[in-house]
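# Residue-level structure breakdown
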Amino acid sequence: MARLVTYQTSFADGQISPKLEGFVDTDAYRSSVKDLKNMVVMPQGSITRRPGTRYVASTKSNAQVRLIPFNFGQDQAYVLEFGNQYVRFFKNSAVLESGGSAYEITSPYSIADLDNLSFTQSADILFIAHPSYQPRQLIRSGDTSWAFEYLHTKDGPYGDINPFDSATIQIVGTEASEEIGDPQLDLTDSFFQFANHGLLDGMKIRMATTGTYPKYHATSTTATAVDFDGTTDYFVVNATATTFQLSLTLNGRPVYLRASTDTITISKRTYPKGVAVTLKVGDGTSSTWATSQSYAKGAIVKESGGTVYYTCIVAHTSATNKNPTGTLGADYWDKLLINNGLGFQSYDQDTYLRINPLKGTAINWGYVQLDAITNALEVTATVKEELVARGPNHEWRKYAWNSDAGWPRSIEIFQQRMCFGGNNNNPQTIWFSKTADFFNFSPSEKIGVSSGNVSATGARVVGEQIKDDNGLTLTISSATVDLIDFMISGKKLTVGTSGGVFQMYGSETEITITPFNFSIDRVTSYPTETGALPLIIDQNVIYVQKNGRKLRDIAYSSDRGGNQASDMTLRADDIALGVIKDVAYQDMPYNVIWARLNDGKMIACTYNKALNMMAWSNHEIAGTNAVVESITVIPTTTHHQLWMVVKRTVNSATVRYVEYMDRFYDSGEITSDEAHYVDSGIYTTGSDITNLTGLNHLEGQSLRVLADSAIQTGTFTVSSGAITILEADKIHAGLGYDSFVTTLDIPNGPQGILVGNRKKISRIVVKLLDTMGLKYGPNTEELDQMIYRFPTDKLGNAVPFFSGDEVLTMGNMTYDDHNVVIGQDGPFPLSILLIGFDYESNDL
């Protein structure tokens, strides 16, 4: 039997699947372990015990909640507890109070809504989206001054422009006059001349004068002329940038100018901002469809007893086979494109409608807010952006969201634009706001009077323009209807859907997205898990794949010429059997991705893309029936802090506690008496404390106690919220938990790699860093304890944490499974840098 020595100098590949335990001749096998419980891999390749958690507060009524981070910056980070129609707030590791009790505000969201909340933040505002609620803003004014407000957009977003010229909308209301200026008259060519007048074909104008009105004749240059007057509406025709003519009728021929006057003032007729108007679809009336009845183009009908409205495309006399839903109905009728044929409904109240009252090539969009729904074809409204006095016209756009069509499911800020993703009616659509104006979704804007934009012939073709910073709407086109689950902003906007992951951006040469420069690329066809929000680490996007069994990493690969969505759980495919529901990233100090499983356990992945490190470990929070229900991470001045909600059974009752994981122990950063390695624990300082109080949340539980850096032995059961201890000044008390690493089979035999040979392990050499209370053995049921106190140590003083090499005698036992367990169950830190095996082995 040969005597052999081997070392495991790295644990950088973490816990691996049993499916990989046959890869004994690979470098990855030599840096992997069979099991890593309540320990994480450090980026340097060694392993360390996870810290314990500190109790902060019970959730309100011990009910289910969701934790959401809020990082204002300048070391002001908050954790928000969203519960059943309330929000509470935590800062500096404590609950914020007002008047001696937890500060809270009323929230519109119930428990059933919490999983579907999407949020993004800008400065002191948290923007929130939910498919069943109008978007909200949660605005911070101070630590205990928060308030919800509706997120009211301006000028959109809208659906598509109505394509059917039979479905017109007319504006009824009191017109006002807006003075344009004093034009000159050209009697030779019968036009008015005035630079940058801003008038467009079809607009109404009125005229005023300080002297005699000019004269005109409708058809003749020689017949007796008549005066213009100040009470008649005239219509603009043949407008250019500097000239225009007038007609007596809409789209009529221009009149002939016959005489001038001293001073003329032209005013365009408008419905100005703030005025009340009525909007009517067609003439605002409808009839029930009947045979042997004539219908003019634009007539609106509904079938007998029905509620769906149709507009007549071509004037005709009805016949039984030409009714709206009959065999030839599509040849004569269009379904009204307002709420799928229902016309205006109560849920349209307070939404917007955008309309261009001008026909032909002239465009002058304005928009109104719908105040009241008179009936399906008539509404009253308030003008929000000036409407010119003309119409009816079929060019209108309805607001994209309401309680029937659904509100956006997701929200994000990208390239200084507010982005909303997907509602019930448009699950694949993303609406982008105007750049640097989060609430403005205007898809175009009126041309300023000084712009002078004209066509090649000198005619003013349009009165609107689309700029690079205007709002835009993009819809993902794919073979399936892909519900948008999330959006996350990086260099590109990554969009997770039920049909895969897409990225939106300008172009590869100009990344900025505009209405004229946009790209939509499918990155991967692997779908995303609804409700599991993604992470962005550097420029890599981490997301949960549908069904929660895999975590994927989208990163650019130069070898493959594009983005690749690699499976991060491939080497530990059994670790997510509990189904991943939530992820959070703790960058400082060890680059750890924490994932909450549906069964309440947690898993962790030490992630370092530069080192190609994705090292997994599994974690259980201490307590009876302990289940982690929500996690989030916020920054502090020294590290990133992992917060969680833990449901437990305490004293025969179901409770839910808000807790945070303490700092990883590093002797260069904190002292040994600050090391916290108990769960749901407290840390108390004082002088000669023997009655430790503040433990009401652990009533009836058996605790572990670390006092002045030394463990106190005995049974400590909480009674009336307190336990009795030996006097101490600095005390950690809480629920104990186990941490251990189980090594893989040692495959080396006398002749090199040899699997199945019997081995007799004589000794184990462990290189430790800042460790106390080490246990070891062949399995978790047969553990010996390493002794740290020596006769030379002074009694009454805590033994300092140990760093260095320790030789552990294994009793010359023969192990058939060839695994070794090294761990810790006391309230101490543990870090392992190396494990060496001194053993004997035969060939087989």
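Residues numbered from 1 in each chain as written. Predicted model: local features only at pLDDT ≥ 70, side-chain atom pairs only at ≥ 80, totals over all residues. Heavy atoms only, no water.

## Regarding the overall build of the chain
The number of helices and strands found in the chain is one helix and 75 strands. The globule rule puts the C-alpha radius of gyration for 844 residues at 28 Å, and the 37 Å found for the chain is more than 25% above it. Across its three principal directions, the C-alpha atoms of the chain cover 130 × 65 × 55 Å. Taking all 844 residues of the chain together, the buried fraction comes to 54%. (Helix = DSSP H or I, 4+ residues; strand = E, 2+ residues; numbered from the N terminus. Rg over C-alpha atoms; globule rule 2.2 N^0.38 Å. Buried < 20%, exposed > 50% of the residue type's maximum accessible area, 1.4 Å probe, protein only.)

## Describing the pattern of salt bridges
Within this structure, the stated rule accounts for 39 salt bridges. In this structure, D805 and K767 form a salt bridge, with 2.8 Å as the shortest nitrogen-oxygen distance. Here D805, found in strand β73 (residues 802-815), pairs with K767, found in strand β70 (residues 759-771); they are 38 residues apart in sequence, far enough to count as distant. We classify D805 as partly exposed; its relative accessible area is 48%. A cluster of three or more residues bridged by salt bridges with shared partners is formed by E175, K204, R206, D233 and R269. (Salt bridge = Lys/Arg side-chain N within 4 Å of Asp/Glu carboxyl O.)

## Digging into the sheet that holds strand β18 (residues 145-150)
With antiparallel pairing, the four strands of this open sheet are ordered in space as β15-β16-β17-β18. Looking along the sheet, the strands with just one partner apiece sit at the ends: β15 (118-122) and β18. When the angles between neighbouring strand axes are averaged without regard to direction, this sheet yields 20°. In the sheet, strand β16 (residues 125-130) pairs with strand β17 (residues 133-142) via five bridges, with the strands oriented antiparallel. Bridging from a neighbouring strand, F127 pairs with Q137 of β17. (Pairing = 2+ DSSP bridges. Axes fitted to C-alpha atoms, helices over the stretch in contact; angles between N-to-C directions.)

## Here's the deal with the side chain of N393
On the secondary structure map, N393 appears in the loop between β40 (387-388) and β41 (396-398). Beyond its immediate sequence surroundings of up to four residues, N393 is in contact with A167, T168, I169, N356, P357, L358 and K359. (Contact = heavy atoms within 4.5 Å.)

## A word on the nonpolar core
The tendency in soluble globular proteins is for nonpolar side chains to be buried as a group. I47, I764, I822 and I832 are the most contacted members of the largest nonpolar core, which has 28 residues in total. At the level of elements, β5 (39-41), β59 (613-619), β70, β73 and β75 (831-841) are the ones that each hand at least two residues to this core. Discounting residues that sit within four places of it in the chain, I764 has contacts with E806, V807, L808, M810, V820, I822, I835, G836 and F837. (Core = buried A, V, L, I, M, F, W, Y, C linked by side-chain atoms within 4.5 Å.)

## Looking at the side chain of D155
Looking at the element boundaries, D155 is found in the loop between β18 and β19 (169-173). We classify D155 as buried; its relative accessible area is 4%. Looking at D155, its side chain comes within polar contact range of the side chain of Y158, at 2.7 Å. Looking at D155, its side chain comes within polar contact range of the side chain of S442, at 3.1 Å. When sequence neighbours within four positions are dropped, the list of residues in contact with D155 reads Y352, R354, Y367, E385, N440, F441, S442 and P443. (Polar contact = N/O pair within 3.5 Å; in protein donor to acceptor, adjacent residues only side chain to side chain.)

## Some thoughts on the environment of R552
Here R552 shows up in strand β54 (residues 551-557). Residues R552 and T224, 328 residues apart in the sequence, show an inter-C-alpha distance of 84 Å. R552 has contacts with Y526, V541, I542, Y543, Q545, A565, S566, D567 and M568, leaving out every residue within four places of it along the chain. Here the side chain of R552 touches Q545 through a polar contact of 2.4 Å, side chain to side chain.

## Structural notes on unusual backbone geometry
With an omega of 5°, the peptide bond between G156 and P157 qualifies as cis. Look at the link from M588 to P589: it is a cis peptide, with omega at 10°. Relative to the elements of secondary structure, P589 occurs in the loop between β56 (580-586) and β57 (592-597). The backbone of S709 sits at a positive phi, close to 70°, despite the residue not being glycine. Following the sequence through the fold, S709 ends up in the loop between β64 (702-707) and β65 (710-717). For S720, which is not glycine, the phi dihedral falls at a positive 55°. Here S720 is to be found in the loop between β65 and β66 (723-735).

## Brief notes about the sheet that holds strand β31 (residues 287-288)
Read across the open sheet, the four strands follow the order β31-β33-β34-β36; overall the sheet is mixed. Edge positions in the sheet fall to β31 and β36 (333-335), since each of these pairs with one other strand and no more. Bridging between strand β34 (residues 309-312) and β36 involves three bridges; their strand directions are antiparallel. Counted as the bridge partner of T311 is D334 from β36.

## A few points about the confidence of the model for the chain
With 95% of its residues at a pLDDT of at least 70, the chain reaches an overall mean of 91. Confidence drops under pLDDT 50 across residues 449-461; counting only partners more than four residues distant or on other chains, this segment forms 25 contacts. (pLDDT = per-residue confidence, 0-100.)

## Side note on the environment of F82
Note that F82 resides in strand β9 (residues 76-83). The exposure class of F82 is buried, given its relative accessible area of 0%. Along the backbone, F82 and Q170 are 88 residues apart, and their C-alpha atoms lie at a distance of 46 Å. Not counting residues up to four positions away in its chain, the partners in contact with F82 are V65, R66, I68, V87, S107, Y109, L114, L117, I128, L138 and F148.

## As for the packing of aromatic side chains
Scanning the entire structure with this criterion turns up 30 aromatic pairs. Ring plane angle 85° and centroid distance 5.4 Å describe the contact between Y352 and Y399, whose orientation is recorded as edge-to-face. Placement of Y352 in strand β37 (residues 352-355) and of Y399 in the loop between β41 and β42 (410-414) is noted, with a sequence separation of 47 residues between them. Here Y352 and Y399 have matching classes, each one buried. An aromatic cluster of three or more residues is present, and its members are Y352, Y367, Y399, W401, F420, W431 and F441. The side chain of R49 reaches across the aromatic face of Y737, ending 4.3 Å from its centre. Above the ring of Y86, the side-chain terminus of K60 is found at 5.0 Å from the ring centroid. (Phe/Tyr/Trp six-rings, centres within 6.5 Å; stacked < 30°, edge-to-face > 60°. Lys NZ or Arg CZ within 6 Å of the ring centre and 35° of its normal.)

## Description of the environment of S132
Topologically, S132 is positioned in the loop between β16 and β17. Residues S132 and E21, spaced 111 residues apart in sequence, show a C-alpha to C-alpha distance of 48 Å.

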